[in-house]
Amino acid sequence: MDYFYSWSNIPEETHQSQNIVTDRITRKFIVGTNAMACWFRFKDTMTMKPHGHPNEQISMIQRGRFRFRVGGQEREVGPGDVVLIPGNVEHGYDVLEPDSVDLEIYSPLREDFFKK
């Protein structure tokens, strides 16, 4: 088992899940037993429609700007900001700048991300 990773050594792939399939979003994964880190790059501005999933999500903005809507609250966030999204809470967001990057942690694993 590997314990040390570098995002620069993990190839980007096109994003696919139950919620969205598009080549406008690329992703990279580091997967553990109970949690996973997902690096998402948004090639241009877009809106992620409101959705929910049983997985707890922590979004850590690395680059660019987003407008998140979580559980009835809305806020614009940028690099260094963190958004906590409990499981089964409806959320969505707007990507406000091209080439924005969001590092997301999920627990438990997002099994739908692995289905092709």
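Please read these numbers as outputs of a predicted model, since none were measured by experiment. (Residues numbered from 1 in each chain as written. Predicted model: local features only at pLDDT ≥ 70, side-chain atom pairs only at ≥ 80, totals over all residues. Heavy atoms only, no water.)

**Points about the overall build of the protein**
Thought 1: A count of helices and strands for the protein gives zero helices and ten strands.
Thought 2: Its helices and strands in sequence order give the protein the pattern β-β-β-β-β-β-β-β-β-β, from N to C terminus.
Thought 3: With respect to the principal axes defined by its C-alpha atoms, the protein has extents near 40 × 30 × 30 Å.
Thought 4: For the protein, the proportion of its 116 residues judged to be buried stands at 41%.
Thought 5: Expressed as a percentage of contacts within the protein between residues at least 6 apart in sequence, the contacts between residues at least 24 apart total 62%.
Thought 6: For the protein, the computed accessible surface area is about 6,700 Å², with 49% contributed by carbon and sulfur atoms.
Thought 7: Counting 14 positive and 17 negative side-chain charges, the protein places the centres of these two groups 3 Å from one another. (Helix = DSSP H or I, 4+ residues; strand = E, 2+ residues; numbered from the N terminus. Buried < 20%, exposed > 50% of the residue type's maximum accessible area, 1.4 Å probe, protein only. Contact = heavy atoms within 4.5 Å. Areas by Shrake-Rupley, 256 points an atom, 1.4 Å probe, with all protein chains shown as cover. Lys, Arg positive; Asp, Glu negative; His and termini not counted. Charge placed at Lys NZ, Arg CZ, Asp CG, Glu CD.)

**Description of the layout of surface pockets**
Thought 1: Its boundaries defined by the atoms lining it, the largest pocket holds a volume of some 220 Å³.
Thought 2: Forming the walls of the largest pocket are Phe-68, Arg-69, Val-70, Gly-71, Gln-73, Glu-74, Arg-75, Val-77, Val-82, Val-83 and Leu-84.
Thought 3: Looking at the lining of the largest pocket, the elements with two or more residues in it are β6 (66-70), β7 (73-77) and β8 (82-85).
Thought 4: For the lining of the largest pocket, the leading source of residues is β7, giving four residues. (1 Å grid on protein atoms, 1.4 Å probe; cavity = no way out; pocket = protein on both sides within 12 Å on 5 of 7 lines; lining within 4 Å. Points joined across faces, edges and corners; volume = space filled by probe spheres on them.)

**Looking at the packing of aromatic side chains**
Thought 1: As enumerated under the stated definition, the model contains nine aromatic pairs in all.
Thought 2: Taking the centre distance of 5.5 Å and the plane angle of 80° together, the rings of Phe-42 and Phe-66 count as edge-to-face. Separated by 24 residues along the polypeptide, Phe-42 in strand β3 (residues 36-42) and Phe-66 in strand β6 bring together distant segments of the chain.
Thought 3: Judged by its relative accessible area of 1%, Phe-42 is buried.
Thought 4: Take Phe-66: its relative accessible area is 0%, and that puts it in the buried class.
Thought 5: Measuring from centroid to centroid gives 5.9 Å for Phe-42 and Tyr-93, while their planes differ by 85°, and the two rings are edge-to-face. Of this pair, Phe-42 sits in strand β3 while Tyr-93 sits in strand β9 (residues 91-95), placing them 51 residues apart in sequence.
Thought 6: What links up through ring pairs into an aromatic cluster is the set Phe-29, Phe-40, Tyr-106, Phe-113 and Phe-114.
Thought 7: We note Lys-28 situated over the ring of Trp-39; from NZ or CZ to the ring centre the distance is 4.6 Å.
Thought 8: Taking NZ or CZ as reference, Arg-110 lies 5.1 Å from the ring centre of Tyr-106, over its face. (Phe/Tyr/Trp six-rings, centres within 6.5 Å; stacked < 30°, edge-to-face > 60°. Lys NZ or Arg CZ within 6 Å of the ring centre and 35° of its normal.)

**Here we look at the environment of Asp-99**
Thought 1: Among the structural elements, Asp-99 can be located in the loop between β9 and β10 (100-107).
Thought 2: A residue is classified by how much of its surface remains accessible, and Asp-99, at 32% relative accessible area, is partly exposed.
Thought 3: Expressed as a C-alpha distance, the spacing of Asp-99 and Ile-25, which sit 74 residues apart in the sequence, is 9.4 Å.
Thought 4: Apart from the residues lying within four places of it in its own chain, the contact partners of Asp-99 are Arg-41, Phe-42, Lys-43, Asp-44 and Arg-63.

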